[in-house]
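Results of the structural survey
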Amino acid sequence: MNDSSSKPVARRVRMSSAQRREQLIMVARRAFAERGFDGTSVEEIAARAKVSKPVVYEHFGGKEGMYAVVVDREVRALLDRITKALTGGHPRELVEQAALALLDYIEGDTDGFRVLVRDSPVMSGSGNFSSVFNDVAHQVEGILGKQFKERGFDPKLAELYAQALVGMVGLVGRWWLEVRKPKKEAVAAHLVNLAWNGLHNLETKPKLGQRPKQD
């Protein structure tokens with residue numbers, strides 16, 4: 001005799017292919033952030049997503065394919081954030097906005113930034129920390145090039161200074177990722193202070209061994 005008071009067993013809602021792919025990307029993103037590429041396995045990702053390994057292979061072809069998708073998404077998210085932030089007209093405003101946009105990304109998308117700054121697999125030719133900041137540096141190079149030309153500096157050196165500025169912000173960002181103090185606004189202000197005042201007092205033809213001028 002059936003017990004009419006027993007509750008019906010709830011059916012599991014089957015995900016669509018697109019939903020399953022999105023779920024796997026988010027699971028992989030967290031795993032790569034926590035353990036890095038080498039420390040993460042397809043077995044672990046499948047277990048976290050509660051699917052079989054063949055499901056992972058069906059969507060991404062393997063760990064490398066999944067990693068490439070995760071990194072590509074983070075690269076686009078970071079570059080989009082920085083590009084949208086560059087709205088100021090004055091070069092100093094642009095430096096401030098770029099620095100703060102990066103720190104906003106680190107604060108709001110910590111897992112994504114951890115994925116980018118971890119060592120990427122050897123077969124990955126792009127999409128790692130260096131390539132992301134190379135893209136950002138190219139944008140900064142265009143800004144500096146105009147300023148260099150207007151102030152009598154060699155515009156060909158704009159690329160060098162752009163790499164230096166972006167590298168400084170990127171490395172400070174990696175440090176701030178762990179310590180989280182001072183507040184991001186203070187970090188951005190100090191970065192801009194060092195970068196802008198350094199640029200403001202640039203010598204047109206610097207040489208090693210020169211002593212600073214007396215005030």
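Whatever comes next refers back to the structure up there.
Residues numbered from 1 in each chain as written. Predicted model: local features only at pLDDT ≥ 70, side-chain atom pairs only at ≥ 80, totals over all residues. Heavy atoms only, no water.

Some words on the side chain of Asp111
As a reminder, the rule being used: Secondary structure is summarised from DSSP: a helix means a run of H or I of at least four residues, a strand means a run of E of at least two, and numbering begins at the N terminus for each. Polar contacts, as counted here, are pairs of nitrogen or oxygen atoms within 3.5 Å of one another; within protein the pair requires one atom able to donate a hydrogen and one able to accept it, and residues that are adjacent in sequence qualify only if both atoms are side-chain atoms. Contact criterion: two residues are considered in contact whenever any of their non-hydrogen atoms come within 4.5 Å of each other.
As for its placement among the helices and strands, Asp111 is situated in helix H6 (residues 110–117). One polar contact links Asp111 to Arg30, side chain to side chain, over a distance of 2.5 Å. Not counting residues within four places of it along the chain, the set of residues in contact with Asp111 comprises Arg29, Arg30 and Ala33.

Let's talk about the pattern of salt bridges
Operational definition: Salt bridge, as used here: a side-chain nitrogen of Lys or Arg that lies within 4 Å of a carboxyl oxygen of Asp or Glu. Exposure categories follow from relative accessible area, calculated using a 1.4 Å probe and restricted to protein chains: below 20% of the type maximum is buried, above 50% is exposed, and the middle band is partly exposed.
According to the stated counting rule, one finds 16 salt bridges in the structure shown. Its salt-bridge partner being Asp109, residue Arg29 comes within 3.5 Å of it at the nearest N-O pair. One end of the pair, Arg29, is in helix H1 (residues 17–39); the other, Asp109, is in the loop between helix H5 (91–108) and H6, and 80 residues separate them in sequence. On the basis of relative accessible area, Asp109 is assigned to the partly exposed category, the value being 23%.

Topic: the packing of aromatic side chains
So the rule is basically this: A pair of Phe, Tyr and Trp rings is counted when the ring centres sit within 6.5 Å of each other, with Trp represented by its six-membered ring. The angle between the planes then sorts it: under 30 degrees is stacked, over 60 is edge-to-face, the rest tilted. Criterion for a charge above a ring: Arg CZ or Lys NZ at most 6 Å from the ring centre, at most 35 degrees from the ring normal.
With the rule as written, the count across this model stands at four aromatic pairs. Relative to Tyr67, the ring of Phe37 lies with its centre 5.0 Å away and its plane at 75 degrees, an arrangement referred to as edge-to-face. Linking Phe37 in helix H1 with Tyr67 in helix H4 (residues 63–85), this pair joins segments that are 30 residues apart in sequence. Like Tyr67, Phe37 is buried. Each ring, one from Tyr105 and one from Phe113, has its centre 6.2 Å from the other, and the planes form 75 degrees; the classification is edge-to-face. Taken individually, Tyr105 and Phe113 each receive the classification buried, so the pair is uniform in this respect. What links up through ring pairs into an aromatic cluster is the set Phe32, Phe37 and Tyr67. Positioned over the ring face of Phe37 is Lys63, at 4.3 Å from the centre of the ring. Over the ring of Trp176 we find Arg180; its NZ or CZ atom is 5.3 Å from the centre of that ring.

Points about the side chain of Glu74
Examined against the element boundaries, Glu74 turns out to sit in helix H4. Of note is the side chain of Glu74, whose polar atom sits 2.6 Å from the side chain of Tyr105. With near-sequence residues (within four places) excluded, Glu74 lies in contact with Arg29, Tyr105, Gly112 and Leu116.

Quick word on the packing of helix H2 (residues 42–49) against helix H3 (residues 53–60)
Applicable threshold: Orientation is described by lines fitted to C-alpha atoms, with helices fitted over the stretch in contact, and by angles between N-to-C directions that extend from 0 to 180 degrees. What sets the label is the angle itself: under 35 degrees gives roughly parallel, over 145 gives roughly antiparallel, 65 to 115 gives roughly perpendicular, and the rest give oblique. Lys, Arg, Asp and Glu make up the charged group, whereas Ala, Val, Leu, Ile, Met, Phe, Trp, Tyr, Cys and Pro make up the nonpolar group; the residues left over, Gly among them, are polar.
Across the interface, H2 lies against H3 with an axial gap of 8 Å and an inter-helix angle of 105 degrees. With respect to H3, the axis of H2 lies roughly perpendicular. Within the contact between the two elements, H2 uses Val42, Glu43 and Ala46 and H3 uses Lys53, Val56 and Tyr57. For the contact of H2 with H3, the per-class residue count stands at four nonpolar, no polar and two charged.

A word on H4
Put simply, the test is: The length a helix should cover is 1.5 Å for every residue beyond the first.
Across its 23 residues, H4 extends 33 Å between first and last C-alpha, which sits within 8% of the 33 Å expected from 1.5 Å per residue. Residues of H4 that are buried include every one of Lys63, Met66, Tyr67, Val70, Val71, Glu74, Val75, Leu78, Leu79, Ile82 and Ala85, and no others.

Just geometry here; none of it tells us what the structure is for.
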